[in-house]
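# Summary of the model geometry
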Amino acid sequence: MKRRATFSACHRLHSPHLNDEENKKVYGKCNHIHGHGHNYVVFVTLFGEIDPKTGMVMNMTDLKRYMDEAIMRPMDHKNLDKDVPFFQIRPSTTENVAVFIWDSLRSVMDQPHLLFEVKIYETENNIVRYRGDGDEDY
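What counts and what doesn't
- Residues numbered from 1 in each chain as written.
- Predicted model: local features only at pLDDT ≥ 70, side-chain atom pairs only at ≥ 80, totals over all residues.
- Heavy atoms only, no water.
- Salt bridge = Lys/Arg side-chain N within 4 Å of Asp/Glu carboxyl O.
- UniProt positions renumbered as here; feature names shortened; annotations may be inferred.
- Helix = DSSP H or I, 4+ residues; strand = E, 2+ residues; numbered from the N terminus.
- Buried < 20%, exposed > 50% of the residue type's maximum accessible area, 1.4 Å probe, protein only.
- Polar contact = N/O pair within 3.5 Å; in protein donor to acceptor, adjacent residues only side chain to side chain.
- Phe/Tyr/Trp six-rings, centres within 6.5 Å; stacked < 30°, edge-to-face > 60°.
- Contact = heavy atoms within 4.5 Å.
- Pairing = 2+ DSSP bridges.
- Axes fitted to C-alpha atoms, helices over the stretch in contact; angles between N-to-C directions.
- Core = buried A, V, L, I, M, F, W, Y, C linked by side-chain atoms within 4.5 Å.

On to the pattern of salt bridges. Scanning the model with the defined rule gives 4 salt bridges in all. What you see here is one network of salt bridges that share partners, running through Glu117, Arg129 and Arg131.

Here is the structure:
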């Protein structure tokens, strides 16, 4: 099963591990001091057994609630770099946004082992899929 959400946020691609010149070289126009914004589209995919009593892997209402808590509340209409502590020590790349969403979902879900994939469209051409780092407890 899969559910979609969209959120808007701004960020500046800038690594605290690089100096200003290196950041400009690596991130180009996305390193602009005032940042820039995106309308992100996120797909959360669950995988697991269908409950014979309910006929569902998970109730979509529950998944929506988890996504609201893990994605919408912390990131929608926010400056990722300033408003989300996770990005104060790492660049707010789409890869790291996917990791943040994955970790946040797993922390709020009653059955985190059902989380299979987080897929993010930063733009229609820039897409990241994340399936965890392999250390999840299944």
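Read on for the rest.
Further remarks concern the UniProt feature "active site" (unreviewed entry) in the protein chain. The sites that UniProt annotates as "active site" (unreviewed entry) are Cys30, His77 and Glu122. Examined against the element boundaries, His77 turns out to sit in the loop between α2 (60–75) and β3 (78–79). Along the chain, the position of Glu122 falls in the loop between β4 (115–121) and β5 (127–130). Note on Glu122: relative accessible area 12%, which makes it buried. Within the local environment of Glu122, its side chain forms a polar contact with the side chain of Thr94, the two groups lying 2.9 Å apart.

What follows deals with the packing of aromatic side chains. Per the stated rule, a full pass over the model turns up 7 aromatic pairs. With centroids separated by 5.1 Å and ring planes inclined at 85°, the aromatic side chains of Phe86 and Phe87 adopt a geometry described as edge-to-face. As far as burial versus exposure is concerned, Phe86 and Phe87 are alike and both buried. Ring geometry for Phe87 and Phe100: centres 5.7 Å apart, planes at 50°, overall tilted.

Those residues carrying the UniProt feature "binding site: Zn(2+)" (unreviewed entry) are His11, His36 and His38 in this numbering. For the residues just named, distributed over 28 residues, the greatest C-alpha separation is only 8.4 Å, placing them together at one site. Classification of His11 by relative accessible area gives buried; the value is 1%. The residues touching His11, leaving out its near neighbours within four places in the chain, are Gly35, His36, His38, Tyr40, Leu80, Asp81, Ser92 and Glu122. Side-chain polar atoms of His11 contact the side chain of His38, separated by 3.3 Å. Since its relative accessible area comes to 14%, His38 is described here as buried. Apart from the residues lying within four places of it in its own chain, the contact partners of His38 are Phe7, Ser8, Ala9, His11, Glu122 and Thr123.

Looking now at the sheet that holds strand β1 (residues 2–11). Strand order across the open sheet formed by 5 strands is β3-β1-β2-β4-β5, with mixed pairing between neighbours. Two strands bound the open sheet, and with one partner strand each, they are β3 and β5. Relative to β4, strand β2 (residues 36–46) runs antiparallel, the two being bridged by 6 bridges. The residue bridging Val41 from the neighbouring strand is Tyr121, located in β4. Helix-sheet contacts for helix α4 (residues 94–108) involve β1, β2, β4 and β5, and the interaxial angle to β4 is about 145°.

On any regular strand, side chains alternate: one points to one face of the sheet, the next to the other face. Here β1 runs beside β2; their pairing, made up of 10 bridges, is antiparallel. Opposite Cys10, over in β2, you have Gly37 as the bridge partner.

So, about the nonpolar core. Formed by 34 residues in total, the largest nonpolar core has its most connected members in Ile101 and Leu105. Broken down by secondary-structure element, the contributors of at least two residues to this core are β1, β2, α2, α4, β4 and β5. No other element matches α4, which puts 8 residues into this core. When residues no more than four places from it in sequence are discounted, the contact partners of Leu105 are Val44, Tyr66, Met67, Ala70, Leu115 and Val118.

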